[in-house]
Amino acid sequence: DYPLDLGLLDGERDLADAFTVGYDADVLKDRNAMRAKRPLFKRGIESYLPSMVKEALFYTKATADIDIDGRAMRAKIYNLVVKNTRMYAGSFVLNGRIRGNDGKLDVFLFEQGQQYWSEIGTQLTKKVTVVADPTGFSEELMDIIVRNYRDFQARSVGITLSRPTSSQVDGEQYRTADRYTITCIKGALTLKVPYPY
């Protein structure tokens, strides 16, 4: 048995994997609204490409007051990712230390677009190094050396934004709001998985 933590979002919705506010959520929102109207790029991963380009050119950052377990900070947000499990966007691991059963959420703050796009490059480089180094040591080393974001661990996260901002939960469009709260519920779900996991 694997005891999986869940995040409770705004006191009403569970999240198993990730909550995102900012660029990634705006890309998803635009893709959902526009793909049926496009002559090309209607299906699959390529359906995100026009929205990625559009948002990369025109995305406007909001300022956020972020509460992490009672510790307050203020930052401009390009992308804010709250993770419960390791994989993000289908194939990226932002940090190898993430565990879905440690009673904590992992928060990744990208304040600048160049930080975010540098992380995309780092993730693609990791994919190449995994082939060259199956031990995973070089991937762990990259996590230590390359820091494209500010990261935190928290049992609860509160986000208050300067304007209503798009969000997504577990890869699905959520709502546009100026306030979000996420609380980690330790061991909320028990999964039957093969051993070792």
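For the structure, check the block above.
Bear in mind that the values here come from a model prediction, so they are computed numbers and not experimental data.

Rules used throughout
Residues numbered from 1 in each chain as written. Predicted model: local features only at pLDDT ≥ 70, side-chain atom pairs only at ≥ 80, totals over all residues. Heavy atoms only, no water. Phe/Tyr/Trp six-rings, centres within 6.5 Å; stacked < 30°, edge-to-face > 60°. Helix = DSSP H or I, 4+ residues; strand = E, 2+ residues; numbered from the N terminus. Buried < 20%, exposed > 50% of the residue type's maximum accessible area, 1.4 Å probe, protein only. Polar contact = N/O pair within 3.5 Å; in protein donor to acceptor, adjacent residues only side chain to side chain. Contact = heavy atoms within 4.5 Å. Core = buried A, V, L, I, M, F, W, Y, C linked by side-chain atoms within 4.5 Å. Salt bridge = Lys/Arg side-chain N within 4 Å of Asp/Glu carboxyl O.

1. Examining the packing of aromatic side chains
Right, so step 1: A complete count under the given rule lists 12 aromatic pairs for this structure.
Right, so step 2: Centre to centre, the rings of Phe 108 and Tyr 149 are 5.0 Å apart; their planes meet at 90°, and the pair counts as edge-to-face. Of this pair, Phe 108 sits in strand S9 (residues 105–110) while Tyr 149 sits in the loop between helix H4 (137–145) and strand S10 (150–154); the two residues are 41 residues apart in sequence, bridging distant segments of the chain. Like Phe 108, the residue Tyr 149 is buried in the burial classification.
Right, so step 3: Each residue in the set Tyr 23, Tyr 59, Tyr 78, Phe 108, Phe 110, Tyr 116, Trp 117 and Tyr 149 is aromatic and connected to the rest through ring pairs, giving one cluster.

2. Some details on the side chain of Thr 20
Right, so step 1: By the secondary structure assignment, Thr 20 is in strand S3 (residues 18–22).
Right, so step 2: Among the residues examined, Thr 20 registers a relative accessible area of 1% and is labelled buried.
Right, so step 3: At a separation of 3.1 Å, a polar atom in the side chain of Thr 20 contacts the side chain of Tyr 88.
Right, so step 4: The residues touching Thr 20, leaving out its near neighbours within four places in the chain, are Ala 25, Asn 79, Leu 80, Val 81, Tyr 88, Ser 166, Ser 167 and Gln 168.

3. Let's talk about the environment of Ser 162
Right, so step 1: Turning to its location among the elements, Ser 162 is positioned in strand S11 (residues 156–169).
Right, so step 2: In this view, Ser 162 contacts Ala 62 and Thr 63; residues no more than four positions away in its chain are not counted.

4. Some thoughts on the nonpolar core
Right, so step 1: Ranked by internal contacts, the top residues of the largest apolar core, which has 27 residues, are Leu 9, Phe 19, Ile 66, Ile 159, Leu 161, Tyr 180 and Ile 182.
Right, so step 2: Secondary-structure elements contributing two or more residues to this core are S3, strand S4 (62–68), strand S5 (71–77), strand S6 (79–83), S9, S10, S11 and strand S12 (172–191).
Right, so step 3: Here the element with the most residues in this core is S12; it accounts for five residues.
Right, so step 4: Setting aside its immediate chain neighbours within four residues, Leu 161 contacts Val 21, Ala 62, Thr 63, Ala 64, Ile 77, Ala 177, Asp 178 and Tyr 180.
Right, so step 5: Counting residues in hydrophobic clusters, the runner-up holds 15 residues, among them Tyr 23, Val 81, Leu 94 and Tyr 116.

5. Here's the deal with the pattern of salt bridges
Right, so step 1: Within the structure shown, the criterion is met by nine salt bridges.
Right, so step 2: Asp 17 is paired through a salt bridge with Lys 83; the nearest N and O atoms lie 2.3 Å apart. Within this pair, whereas Asp 17 is found in the loop between strand S2 (13–15) and S3, its partner Lys 83 is found in strand S6, the two being separated by 66 residues in sequence.
Right, so step 3: The class for Asp 17 is partly exposed, based on a relative accessible area of 22%.
Right, so step 4: Residue class for Lys 83 comes out buried when judged on its relative accessible area of 0%.
Right, so step 5: Here Lys 54 and Asp 30 are joined by a salt bridge, their closest N and O atoms 2.7 Å apart. In this pair, Lys 54 sits in helix H2 (residues 49–58) while Asp 30 sits in helix H1 (residues 23–34), placing the two residues 24 residues apart along the sequence.
Right, so step 6: Each of Asp 30, Arg 38 and Lys 54 takes part in a single network of salt bridges with overlapping partners.

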